[in-house]
Amino acid sequence: MRKGLSWFNVTSIALGFAFLYIPIILLVVYSFNASRLVTVWAGFSTHWYWQLFQNEQLLDAAWVTLRVAFITASVATVLGTMAAITLTRYGRFNGRMLFSGMIYAPLVMPEVITGLSLLLLFVAVNIDRGFWTITLAHITFTMCFVCVVVQSRLVTFDRSLEEAALDLGCPPLKTFLVVTLPIILPAVVSGWMLAFTLSLDDLVIASFTTGPGATTLPMRIYSQVRLGVTPEINAACTLLIAIVTVVVIIASIMTKRQEMERQKAERLAAAG
Amino acid sequence: MSAGVAEKTQKTIGGIRRKFAPWKDPSAVPLIRFQNVTKRFGDFIAIENLSLDIYEREFFALLGPSGCGKTTLMRMLAGFEEPNEGRITLAGEDLVGTPPYRRPVNMMFQSYALFPHMSVWDNIAFGLRQDGMEKGAVAARVEEMLKLVKLGQFAKRKPHQLSGGQRQRVALARSLAKRPKVLLLDEPLGALDKKLREETQFELMDIQMELGMTFLIVTHDQEEAMTVADRIAVMNHGKLVQVDQPAVIYEHPNSRYVADFVGDVNILDATVVSVEPGLVTVRPVAAPDMLFRIAQDCPAKVGDSVAIALRPEKLRVELDPPADASVNCLSGEIWDIGYLGDLSIYHVELPGGSRVKAAKPNLTRMVERPISWDDKVYVSFSPDAGVVLTS
């Protein structure tokens, strides 16, 4: 059934990729533009990157974003993994449907609604809004993604491995730490990275839940762009794209490799 | 190994095997006791009021079709399931309520359950390290185990770099390393091919003998159970049907179920004509003009409906009628022939339409067999070949 690519295929692929990536490529290219005017090319320069690193406001925002993303990813990974274990291991406990529904709801919930309802909550309980409210909000909406990733791994996990550890005299908690966790670790790490990138580029929920003194990078960029796009913003965005790309690529390679290892092991077992 | 040594080892095995029968000794104390154990999963009764004694150094097999409760029984001993009723004791200690990680039994899993992120060496050392055994002793024991299962050169490999047979050995070494009081084997050879399986069965017996441990094996393969075990418990629907030595199970099954499950068998319905001490005469339904005399004490009364179990290899198939064709003889036509190489299985159709199977060893290389399709043949057997089954 394998045929060479027809002209139609080539054209549609080219158009598709162009539609997706030309804006991003333009942004990256113009971040190296020597001219202040966004639309006029005046030669290659890394000037705007220098400028960027002298922009205190942007650097502050970047620092806030990284800290939020790091704490969010770490907490969401712990909670999400625990939720995944509960959902895969404890069979049909009372309220399982409700629990899984509540875990997965943020996946499909419009961000505006998540943001608004969190804002109402924070106002109602009268917490000072700022760094911690953003972090809490981000943990809430990234946890379900971690849960999905880890759960998909746990479904194929051979429980007799845990039984073997128990049988050999290893208590349950230690069994989780020395047998289960190392085996599902790639999925847990992918979950962490996913949560990290989601938190990194969130604008909507952060805008709703922030307060004075805590401005994330996406918020800073958005507010500056309203006053006009500067090449400096292009540079900041290029760096952001680079970070997200690297993290996503690492996460997908890890998942891919884990899958390949499993298939290889299964093939060997079959050939046995 | 020289022929002399091999002969000597075999003699010692024979010597131990022949004398070993603690279940016949009323003063022997069982190592494992299941007392009136019942296990339910919701409405399903997996084990029903079961009592069973297993003795020290015994190689005991639980045999039955899938879903008969044999694995549940084993998992209750390992501690992965708790009985709803009854007691399970090991060396006098009640095990119910003790978590699996505090029980002095180890299990070899059907899937082997080797830890994929650890080397062969670390897999075997895992249980020893849980006990806080000191480093030197762990190393010595692991080396000893590797030698026992002949995997010395594979110590550094990960499980996925091993063949199925090698993985099976690692799993065995890991479960033996802690010298448990009882080793549980859950379908341990299920994933191996036939030849390797047969070899490994004998190795298992040797290892069990060498370490002097109690082995409890779960299997659905009756040949495997017969080969390795001192005693077999045949199970059905959560109950024990018969518990005895392999030869007794095979030659004197106590029910249609056991006769049918263990080995190949012809089961013929019959009516009891007379009962004398040591001799039963019956009239088979399939050949009402014939009488079967069977040398056996039997609780049945005249007129009772019984079943006669006849093993195919105990039937003679001949073209000429035997000297006395009035008893223990059936006539019919060859319906089909199954050629297995070592044996030929003749399917003989009786006048009534029912069929019996008779196995005949192929003693010569003759390809043109003297008995062929549609030949009229006589199937006969001696009085001690058949078994009368009342249930």
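Everything numeric in this text was worked out from a predicted model, so none of it was measured.

**Focus on helix 1 (residues 7–30) of chain A**
Residue and element names in this part refer to chain A.
Turning to step 1, where the next piece is worked out: Its 24 residues give helix 1 an end-to-end C-alpha distance of 32 Å, which sits within 8% of 34 Å, the value for a rise of 1.5 Å per residue.
Turning to step 2, where the next piece is worked out: Bending of helix 1 peaks at approximately 45° at the position of Tyr 21, with proline Pro 23 no more than four residues after it.
Turning to step 3, where the next piece is worked out: For helix 1, a buried count of one out of 24 residues is recorded, marking the element as mostly open to its surroundings.

**Brief notes about the UniProt feature "transmembrane region" (unreviewed entry) in chain A**
Turning to step 1, where the next piece is worked out: Within this structure's numbering, the places UniProt gives as "transmembrane region" (unreviewed entry) are residues 7–32, 68–90, 102–125, 131–155, 176–198 and 233–254 of chain A.
Turning to step 2, where the next piece is worked out: A distance of 32 Å separates the end C-alpha atoms of residues 233–254 of chain A, which is 100% helix and 0% strand.

**Topic: the environment of Leu 119 of chain A**
Residues and elements named next belong to chain A.
Turning to step 1, where the next piece is worked out: Relative to the elements of secondary structure, Leu 119 occurs in helix 5 (residues 111–124).
Turning to step 2, where the next piece is worked out: Owing to 18 C-beta atoms within 10 Å, Leu 119 belongs among the partly exposed residues under this scheme.
Turning to step 3, where the next piece is worked out: Among residues more than four places away in sequence, those in contact with Leu 119 are Phe 208 and Thr 209.

**A look at the nonpolar core**
Turning to step 1, where the next piece is worked out: Counting residues in each nonpolar core, the largest one holds 105 residues, and the members touching the most others are Ala 61, Ile 124, Ala 173, Leu 184, Val 234, Ile 308 and Val 379 of chain B.
Turning to step 2, where the next piece is worked out: For this core, the element with the highest residue contribution is helix 3 (residues 120–130) of chain B, accounting for six residues.
Turning to step 3, where the next piece is worked out: The residues that make up this core include at least three from each of domain 1 (28–256) and domain 2 (264–389) of chain B.
Turning to step 4, where the next piece is worked out: Look past the residues within four positions of Ile 124 of chain B in its chain and what remains in contact with it is Val 142, Met 145, Leu 146, Val 170, Ala 173, Arg 174 and Ala 177 of chain B.
Turning to step 5, where the next piece is worked out: Core analysis: the next-biggest nonpolar cluster, separate from the first, contains 46 residues, Met 193, Ala 195, Leu 217 and Ile 221 of chain A among them.

**Observations concerning the interface of chain A and chain B**
Turning to step 1, where the next piece is worked out: At the junction of the two partners, chain A supplies 19 residues and chain B supplies 20 residues.
Turning to step 2, where the next piece is worked out: Secondary structure elements with two or more residues in the side of chain A that touches chain B: helix 7 (160–167), helix 8 (172–200) and helix 11 (231–271) of chain A.
Turning to step 3, where the next piece is worked out: Among the elements that line the side of chain A that touches chain B, the one with the most residues is helix 7 of chain A, at six residues.
Turning to step 4, where the next piece is worked out: In the side of chain A that touches chain B, the residues fall into 12 nonpolar, three polar and four charged.

Reading the values: the criteria
- Residues numbered from 1 in each chain as written.
- Chains lettered and ligands numbered in written order.
- Predicted model: local features only at pLDDT ≥ 70, side-chain atom pairs only at ≥ 80, totals over all residues.
- Helix = DSSP H or I, 4+ residues; strand = E, 2+ residues; numbered from the N terminus.
- Expected span 1.5 Å × (residues − 1).
- Bend = angle between axes of the 7 residues up to and from the residue.
- Buried ≥ 20, exposed ≤ 12 C-beta atoms within 10 Å, placed from the backbone.
- UniProt positions renumbered as here; feature names shortened; annotations may be inferred.
- Contact = placed C-beta atoms within 7 Å.
- Core = buried A, V, L, I, M, F, W, Y, C linked by C-beta atoms within 7 Å.
- Domains from an automatic or database assignment.
- Nonpolar A, V, L, I, M, F, W, Y, C, P; charged D, E, K, R; others polar.

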